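Observations on the three-dimensional arrangement
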Amino acid sequence: QFPRECITPEGLRSGQCCPSPTGVARDECGSSTGRGQCVTIAADNRRHGPQYPYTERDDRERWPLRFFNRTCQCNGNFSGYNCGWCKHGLTGPNCDQRISVVRRNIMQMSTAEKQAFVNALDQAKRTVHPNLVICTRRYQEVFGPDGNTPQFENITIYNYFVWSHYYSVSKTYLGPGQASFGGVDFSHEGPGFVTWHRFHLLQLEKDMQDMLGDPTFALPYWNFAIGGSECDICTDDLLGARSTFDLNSISTNSVFAQWRVICESVEDYDTLGTICNSTESSPIRRNPAGNVARPMVQRLPEPQDVLDCLELNAFDTPPYYSTSSESFRNSIEGYSAPQGMYDPVIRSLHNLAHLFLNGTGGQTHLSPNDPIFVLLHTFTDAIFDEWLRRHQPGDIVYPEEDAPIGHNRRFNMVPFWPPVTNAEMFVPAPENLGYSYEVQWPARPLTLSEIITVAIVVAVVVVAALGGLIACAVRARSQGSAETLEPLLAETYRRYSEEDRRLDKSQSVV
Ligand SMILES: O=C1C=c2cc(C(=O)O)[nH]c2=CC1=O
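Because the structure is a prediction, the values reported are computed rather than measured.

**Quick look at the sheet that holds strand β2 (residues 16–17)**
With mixed pairing, three strands are arranged side by side in an open sheet as β2-β4-β3. At either end of the open sheet lies a strand with only one pairing partner, and these are β2 and β3 (36–40). The sheet contact formed by β3 and strand β4 (residues 70–74) spans five bridges and is antiparallel. In the strand pairing of β4, Val-39 is matched with Thr-71.

**Quick notes on helix α6 (residues 303–310)**
For α6, the buried fraction is high: six of the eight residues fall into the buried class. For α6, the set of buried residues is Asp-305, Val-306, Leu-307, Asp-308, Cys-309 and Leu-310. Buried positions along α6 lie against α7 (328–333), α8 (349–357) and α9 (372–391).

**A look at unusual backbone geometry**
Here the amide bond leading from Pro-318 into Pro-319 is cis, since omega sits at 5°, within 30 degrees of zero. Within the secondary structure, Pro-319 is located in the loop between α6 and α7. Following Val-414, the chain continues to Pro-415 via a peptide bond in cis, the omega torsion being 0°. For Pro-415, the position within the fold is in the loop between α9 and α10 (429–432). Unlike most non-glycine residues, Tyr-320 shows phi in positive territory, near 55°. On the secondary structure map, Tyr-320 appears in the loop between α6 and α7.

**Here's the deal with the sheet that holds strand β1 (residues 2–3)**
What links the strands of a sheet is backbone hydrogen bonding, and the strands pair in either a parallel or an antiparallel sense. Reading across from one edge, β1-β10-β11 is the order of the three strands in this open sheet, with antiparallel pairing throughout. Bordering the open sheet on either side are β1 and β11 (152–153), each of which pairs with just one other strand. Relative to strand β10 (residues 132–135), β1 runs antiparallel, the two sharing two bridges. The residue of β10 that forms the bridge with Phe-2 is Val-133.

**Considering the site of the ligand**
Inspection of the region around the ligand gives His-188, Tyr-335, Arg-347, His-350, Asn-351, His-354, Leu-355, Gly-362, Thr-364 and Ser-367 as its neighbouring residues. When the residues that make up the shell around the ligand are grouped by side-chain class, the tally is two nonpolar, seven polar and one charged.

**Observations concerning the state of the cysteines**
For the structure shown, the criterion picks out seven disulfides. At a sulfur-sulfur separation of 2.1 Å, the disulfide partner of Cys-86 is Cys-95. Here the S-S torsion is close to -75°, and the disulfide linking Cys-86 with Cys-95 is therefore left-handed. When its relative accessible area of 13% is taken as the criterion, Cys-86 is described as buried. A relative accessible area of 1% means that Cys-95 is categorised as buried. For the unlinked cysteine Cys-135, the closest cysteine sulfur is that of Cys-276, found at 10 Å.

**A short note on the UniProt feature "transmembrane region" (unreviewed entry) in the protein**
Here the UniProt feature "transmembrane region" (unreviewed entry) sits at residues 451–474. The span residues 451–474 carries 100% helix and 0% strand; its end-to-end C-alpha distance comes to 34 Å.

**Quick word on the packing of helix α3 (residues 157–169) against helix α4 (residues 192–212)**
Between α3 and α4, the least distance of the axes is 10 Å, while the angle of their chain directions is 165°. Classified by the angle between their axes, α3 and α4 sit roughly antiparallel to one another. In this structure, the crossing between α3 and α4 has a hand that is right-handed. Two secondary-structure elements touch here, α3 through Ile-157, Tyr-158, Tyr-160, Phe-161, Ser-164, His-165 and Ser-168 and α4 through Trp-196, His-197, His-200, Leu-201, Gln-203, Leu-204, Asp-207 and Met-211. Per-class residue counts for the contact of α3 with α4 are eight nonpolar, six polar and one charged.

**Digging into the nonpolar core**
By size, the foremost hydrophobic cluster in this structure holds 110 residues, and its most contacted members are Tyr-158, Trp-163, Tyr-167, Phe-224, Ile-233, Phe-328 and Ile-383. Residue assignment for this core shows that the elements contributing at least two residues are α2 (111–126), β10, α3, α4, α6, α7, α8 and α9. Per-element tally for this core: the top contributor is α9, with 11 residues. Sequence-distant contacts of Tyr-158, that is, excluding residues within four places in its chain, are made with Leu-121, Ala-124, Lys-125, Leu-204, Trp-259, Pro-368, Asn-369, Asp-370, Pro-371 and Val-374. Grouped together as the second largest cluster of nonpolar side chains are five residues, Cys-18, Cys-29, Cys-38 and Cys-83 included.

**Considerations on the pairing of β4**
Sheet analysis places β2 next to β4, joined by two bridges and oriented parallel. Looking at β4, one finds that Cys-17 is bridged to Thr-71.

**Focus: the side chain of Asp-185**
Tracing the sequence through the fold places Asp-185 in the loop between α3 and α4. No salt bridge is formed by the buried Asp-185. Its closest oppositely charged neighbour is Arg-60, at 7.2 Å. Polar contacts involving the side chain of Asp-185 include one to the main-chain amide nitrogen of His-188, which spans 2.9 Å. Ignoring anything within four residues of it in the chain, the contact list for Asp-185 reads Ser-168, Val-169, Ile-405 and His-407.

What counts and what doesn't
- Residues numbered from 1 in each chain as written.
- Predicted model: local features only at pLDDT ≥ 70, side-chain atom pairs only at ≥ 80, totals over all residues.
- Heavy atoms only, no water.
- Pairing = 2+ DSSP bridges.
- Helix = DSSP H or I, 4+ residues; strand = E, 2+ residues; numbered from the N terminus.
- Buried < 20%, exposed > 50% of the residue type's maximum accessible area, 1.4 Å probe, protein only.
- Contact = heavy atoms within 4.5 Å.
- Near = heavy atom within 4 Å.
- Nonpolar A, V, L, I, M, F, W, Y, C, P; charged D, E, K, R; others polar.
- Disulfide = S-S within 2.5 Å.
- UniProt positions renumbered as here; feature names shortened; annotations may be inferred.
- Axes fitted to C-alpha atoms, helices over the stretch in contact; angles between N-to-C directions.
- Parallel < 35°, antiparallel > 145°, perpendicular 65-115°, else oblique.
- Left-handed = near helix turned anticlockwise from the far one by under 90°.
- Core = buried A, V, L, I, M, F, W, Y, C linked by side-chain atoms within 4.5 Å.
- Lys, Arg positive; Asp, Glu negative; His and termini not counted.
- Salt bridge = Lys/Arg side-chain N within 4 Å of Asp/Glu carboxyl O.
- Polar contact = N/O pair within 3.5 Å; in protein donor to acceptor, adjacent residues only side chain to side chain.

Below you can see the structure in the form of C-alpha cells.
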C-alpha cells in the first residue's frame, strides 16, 4: 500500500510521500529530469450511496487522505510511486519503446509456458515486495505503542495481492464491544468492481514483470464460462488437481499444496480492531462443484451467459449496487441474471465461478489466496474490455456520485498507491493501459428474425439456381434434338440423291 521510504514517523507526520527515483536530495518524483512532480492529492468529495451511514469512522474514507495528502504525479510515459517506472506496455530509458503484453487462454499455452507461469506465481509468493509495505493497525494506532514505531510490515508480492483485496473488503471497526459494520465494500457490489479488479491485476502483472525482469510477462486467463461441473484448470500442470486423500485439498504434486493463506483470522480483526498482516496459516481449501448444500453453484457459467451480459447497454444502473437490474456491471459481477434481471437468489458469471470453487476461493476476504483468483479475474476483465470495445461509452456513463462508498468515478481506489481513480481504469485496455487479450468469443446463435431472413435468402437463391438449371437443360435438350435431326436429314438427302441418279441413268438407256 505505501512505499517503504514514506512510512517513517516524519514521513507519516508530513503527509507527503514523494520519493526520488535516484535517491538524490531535492529530486522528488524525478523532478530534476522531468519525470514528475510532487502534488496535492485530490480525493472524491461527492455524495456516496446510503449503504455506509458514517463519517470519519474508517481510514478508507476519502482514500488516502488519512495517511498522506501529497504524492508524485508523473509526466508522459513515466509512472510509479517515484516516477522511476514506465507505464504498462512501455520500456527503455525514456519509456518510449512499445512492447506487447498479451493475456492468453491458459489452456492454449504450451507445456513450457504453463510451467513458467506456475513457477512465476510461486516465486511471487516467496519474494518480498521490493517497494511496498502494509499497515497492520488502523491509523489511530499506526504510530505504535510508543508513538514512534510505525506499524507496517514487509509482505511478499503475491501476499500483497491477497492483502490489498482483504483490506478493501474488510468491515469498519466501530470501537471495543461494538459489532464491526459490514455494509461496506470498496471493491465489490458497485461500479468499481470492474475498475478495482482491473487495477489489482495490473499491479500484480507489473510486480511480476519487475520480479522476472521481463516487461512482456502477461497474466493468462481462465475461460470459466464452459458450463458443466469440471474445473479444467485444476490439474497438476496448472493450478493443482484435487488431492486423492482429501476432497477439499490440492494434490501434493502441485506446488500450490505448499501455499499457506493469509488474512484468515477475520473474527480477531473485526473484534479487536486489528488488520490482517503477512502471517501465513492454513493450506488452500478447494472442492470444485462440491457444494452439496447449494446445487446452483455446482456448475460453471455457460458460454451464452457471456454473450448475454455483453449485450447489456447500460454500464450500471441505480442504485449502482448488488441489487441493480439491467446493469452490465451487476451481471458480470454475478448478482443478477446474465440477461440483466436482478434476483437475490441468483449467482452468475464472476460470483458463480468463485462459489463453484467452494473453499478459499469462494470467500471474499480470502479468495485471492487461491491463485485461481488471478485467472478468474483476468477473464472477467477480458469481458469488461470487450464490453468497452463493443459499446464505446465515454466515462460519462460511469456514475460520478451516489455509488456505494469507494465506487464513485473520482474515488481513489483503496488501498492502492500512488492514488488511482475508478475513471482511470474505465478505458479500453489495448489503447490506454498497455495490455490486450487474445480471446475468441463464442458465436451468438441467430435470432428468429435472422433465421427467417436467412431462410428466405436461401430459398430465393435455390429457386433461382433451380430455374437456371431447368432453363439450361431445356435449351440443351432442344439443341440436342436439332443436332440429332441433322444427320438424319443428311442421310435421307444422300439416299434420295443416289436413287435419283440411278433413275436418271436407266431413263437415258431407254
Ligand atoms: O471472492 C469472492 C467470493 C465471493 C462469493 C460471492 C457470493 O456471491 O456469495 N461473491 C464473491 C465475490 C468474491 O470476490
